[in-house]
Amino acid sequence: MPVQEYITFCHICPNHCALKAIVEDNKILEVKAAGGSGFPVHMCSVQKGPDHLIGTVESSDRLTRPLKRKGEKGEGLWEEISWDEALDTIAAKLIQVRDEYGPEYVVMVLGEPKGLEFAFGQRFASAFGTPNVITPGNYCGVQNTESLRYTFGSRYIMARMDAPPKTIVIWGANLAHTGGTFSNIGRYDFNRALVSNDAKVVVIDPKDIELWPEKGMHASDADYWIRPRPNSDGVLAMGFVKVIVEEGLYDPDYIREWTVGFEEVQREVATFTLEEVEELTWVPKELIQEVARVYATEKPSVIGSGNALEGSTQAFQTLRAICLMRGITGSVNTPDGGHVDMIPPNYYPPGRFMIGDMAERLKEFPRSPERTIGGGVFQLSSRFGYVPTQGLVSALLTGDPYVPKVGLAFVTNPLLTYPDSLATEEAFRKFEMLVVSELFPTATTNIADIVLPAAFMHEHDTVAYWPAWFANFRANRKLVDPPGEAWSDMRMINELAKRVGLEEYFWDNEEEALDYMVEPLGYSWRHFRDEVIYLHGKSAYDPEKVAGYNTRSGKVELSCAGLAKAGVDPIPRFAKLKEPLTGKFDFTEEFPLMMTNYKSEIFMLSGYRNLGLLKDKSLPPTVYMNPATAQEYGLAEGDWIYIETYKGRIKQQLALQPNMDPRVVNVEFGWGDYGFKDANMNL
Ligand SMILES: Nc1nc2c(c(=O)[nH]1)N[C@H]1C(S)=C(S)[C@@H](COP(=O)(O)OP(=O)(O)OC[C@H]3O[C@@H](n4cnc5c(=O)[nH]c(N)nc54)[C@H](O)[C@@H]3O)O[C@H]1N2
Ligand SMILES: Nc1nc2c(c(=O)[nH]1)N[C@H]1C(S)=C(S)[C@@H](COP(=O)(O)OP(=O)(O)OC[C@H]3O[C@@H](n4cnc5c(=O)[nH]c(N)nc54)[C@H](O)[C@@H]3O)O[C@H]1N2
Ligand code: SF4
Ligand SMILES: [Mo]
């Protein structure tokens, strides 16, 4: 074969940089940024996309054959088996469990989507009849998209960075390292806005994060750097709302014409004082007032929220409180607003692929809270088609409402990524059969019964749309063959479906599913892959008038009747938002500091830490602390220190950050070796 050049996309962060891969004889010779290709390239300063792609394809650590457990769970003794044996064994167990207990005793455990495998997993669950699909949604994006949907009627509300904004709030997102915020403030647009517009920047983060590595700019160089007490962001947001409402920093005509529930917001903000907000959040009252004034008056203003808010204990209402800030200032879908609805390209909607297509099955096997594990506690999430991770862990450990029997895990490493790793391990050991599809051996494959070797997303054809709210659609083409007998997850699920009698919902081969996904665009998969490659959504922005809202009332639902109907507070309640800041979460003599965490600049979540190319660029697991705190405990920069909570103890290397709050310790998430107990923050 002659040397070929292909365009593909990095999936690590929402920049989705176009990469050019040079391939000869089933070997990747080079991967680099595809500058000049006409596709987006906003490469991170550490260039991790190419290293991650080549490193994975060339790694000698890859799983290459299906494995069946030999000794005890976790003993690490495996027997290589054929695909036929692996799939027949799994299918026989699925059928037995379905017939003896019911399909809900099988749970689909999915990770952060890469290509179409996540949608395949969801579709399998719908067809099989189990409502129990576990995803990281509860800490990755769903609270943001659903709070936007309930408030403004769309999950695709994005910052208009072309405007460009005059005020930019970066809230619990480390965008220079992780690529962007949930509302589309990408690293590149952010930098451009700073240069072209001299935008005012507000950073809300306990860590003095790098804002612009190439220019040495940090949070402490921003116009405002707010260092909140970890987990207090909902209270802080309500503080901002209070200032905006009580100082009248809104347009009364807009409020009257385009919002519902403003009086309830007025009543709610009268239930607390800014002094209380200051005490709970550690943010001085004057700073809250000043930032609220800037945000409400120097428009367009945008808020990009990040993972810190998704991972907070009151995530949904925290994000709703931020929606109130956007709503009362008329910042969404208005001529001078900073946020606008996006219209995604017209590919087959993943939600339909996963659930909608299966309307008849869902009548028989609904994804209703009553049928779903954790459904009683997590009312909203079962309506969105997923179970929070802790719903699964608690069902397995307590038997409430029942103990699931089979776990099918694709693209996920729960022992490192779920909260409370020891409980997660204990829970996952309770499955009668745990099947894990993976690229590499992990802490989770280690306790599996069957391990399936997965093809990496650059080793098979697939489409990519995640994170869906960025409204773009990409072709990720196969560059080289997978190692050994590794298969794509799509193929595994497609073949498994045939063996449990669900072929009518699946395809002869998984490529047909790719045709299905691009059909509404009027393309075949091959045409899309070879000629089109990438599509982005369109903005619904209208410079002349308010573009409107697709909510039940047709207005911005500050108070939301739909939420009340679902048994959820129709507006965020201050009294509830402050609950987790008191009681057992407060400081004690034994635990006088407060821990929070951040993600690695180099690695994607818990993965790829075995790859030399990436390891060479990364620091060891690093915990940040104020020098005064270090001194108090006799610690110095570079020491390996223990970090202990009432749940467990880990070790990371100390780095000092002079302007951090002395009460806060910020540890790095995602570290774990095969044993997973050394530096893993979730322990
Ligand atoms: N404390 C704390 N916990 C967190 C977070 C945090 O910041 N702090 N972040 C949360 C967030 S935002 C998320 S999204 C979750 C993520 O949680 P997970 O989805 O569990 O994330 P990963 O660690 O990326 O695990 C994915 C695994 O899939 C494997 N993999 C990669 N590609 C493929 C493939 O194509 N097929 C298969 N079968 N396997 C593949 C990788 O080797 C990796 O081990 O973690 C959450 N947990
Ligand atoms: N390099 C790299 N890029 C990634 C990923 C990765 O693992 N590595 N993961 C991808 C995924 S799945 C996601 S979801 C995105 C997430 O990307 P981000 O949203 O940027 O996620 P984090 O790094 O967890 O950043 C959270 C920030 O919140 C701060 N923080 C911690 N606690 C609090 C708090 O209580 N309040 C506030 N206001 N701030 C707090 C942390 O110090 C940190 O700077 O990144 C994606 N991109
Ligand atoms: S990780 Fe780097 S290369 Fe990959 S999409 Fe993000 S910015 Fe681009
Ligand atoms: Mo995530």
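Just above, that's the structure.
Let me sum up the structure you'll find in this document.

Re the sheet that holds strand 4 (residues 67-69)
Reading across from one edge, 5-4-19-18-17-6-7 is the order of the seven strands in this open sheet, with mixed pairing throughout. The open sheet terminates on both sides in strands that have one partner only, identified here as strand 5 (78-80) and strand 7 (133-134). As judged from the three bridges shared by strand 4 and strand 5, these two strands associate in the antiparallel manner. Note that in strand 5 the partner of L67 across the bridge is E80. Against the sheet, helix 21 (residues 489-499) engages strand 17 (406-410), strand 18 (433-438) and strand 19 (450-453), with an angle of about 150° to strand 17.

A closer look at the sheet that holds strand 15 (residues 301-305)
Reading across the sheet, the four strands line up as 13-10-9-15 and stay open at both edges, with parallel pairing between neighbours. Only two strands of the sheet have a single neighbouring strand rather than two, namely strand 13 (224-226) and strand 15. On average, each strand axis in the sheet is inclined to that of its neighbour by 15°, with strand direction left out of account. Seen against the sheet, helix 13 (residues 315-328) touches strand 9 (167-171) and strand 15 and runs at an angle of roughly 170° to strand 15.

Some remarks on the state of the cysteines
This structure, assessed with the given rule, holds zero disulfides. Its sulfur unpaired, C560 is 10 Å from the next cysteine sulfur, which belongs to C323. Overall, the relative accessible area of 1% leaves C560 in the buried class.

Here we look at the site of ligand 1
Neighbouring ligand 1 are 27 residues; E438, D489, N597, S606 and N682 lie closest to it. Between N413 and ligand 1, the recorded distance is 2.9 Å, taken from a backbone N or O atom to an oxygen atom. In the model, an oxygen atom of ligand 1 is placed 3.0 Å from a nitrogen or oxygen of the K599 side chain. With the chains in place, 94% of the 920 Å² that ligand 1 exposes on its own is no longer accessible. Split into classes, the residues belonging to the shell around ligand 1 amount to twelve nonpolar, eleven polar and four charged.

Examining the environment of L175
Residue position: L175 is located in helix 5 (residues 175-178). C-alpha of L175 to C-alpha of V403: the two residues are 228 residues apart in sequence and 40 Å apart in space. Discounting residues that sit within four places of it in the chain, L175 has contacts with I170, G180, T181, I185, G186, R187, F190 and L211.

What counts as what
- Residues numbered from 1 in each chain as written.
- Chains lettered and ligands numbered in written order.
- Predicted model: local features only at pLDDT ≥ 70, side-chain atom pairs only at ≥ 80, totals over all residues.
- Heavy atoms only, no water.
- Pairing = 2+ DSSP bridges.
- Helix = DSSP H or I, 4+ residues; strand = E, 2+ residues; numbered from the N terminus.
- Contact = heavy atoms within 4.5 Å.
- Axes fitted to C-alpha atoms, helices over the stretch in contact; angles between N-to-C directions.
- Disulfide = S-S within 2.5 Å.
- Buried < 20%, exposed > 50% of the residue type's maximum accessible area, 1.4 Å probe, protein only.
- Near = heavy atom within 4 Å.
- Polar contact = N/O pair within 3.5 Å; in protein donor to acceptor, adjacent residues only side chain to side chain.
- Areas by Shrake-Rupley, 256 points an atom, 1.4 Å probe, with all protein chains shown as cover.
- Nonpolar A, V, L, I, M, F, W, Y, C, P; charged D, E, K, R; others polar.

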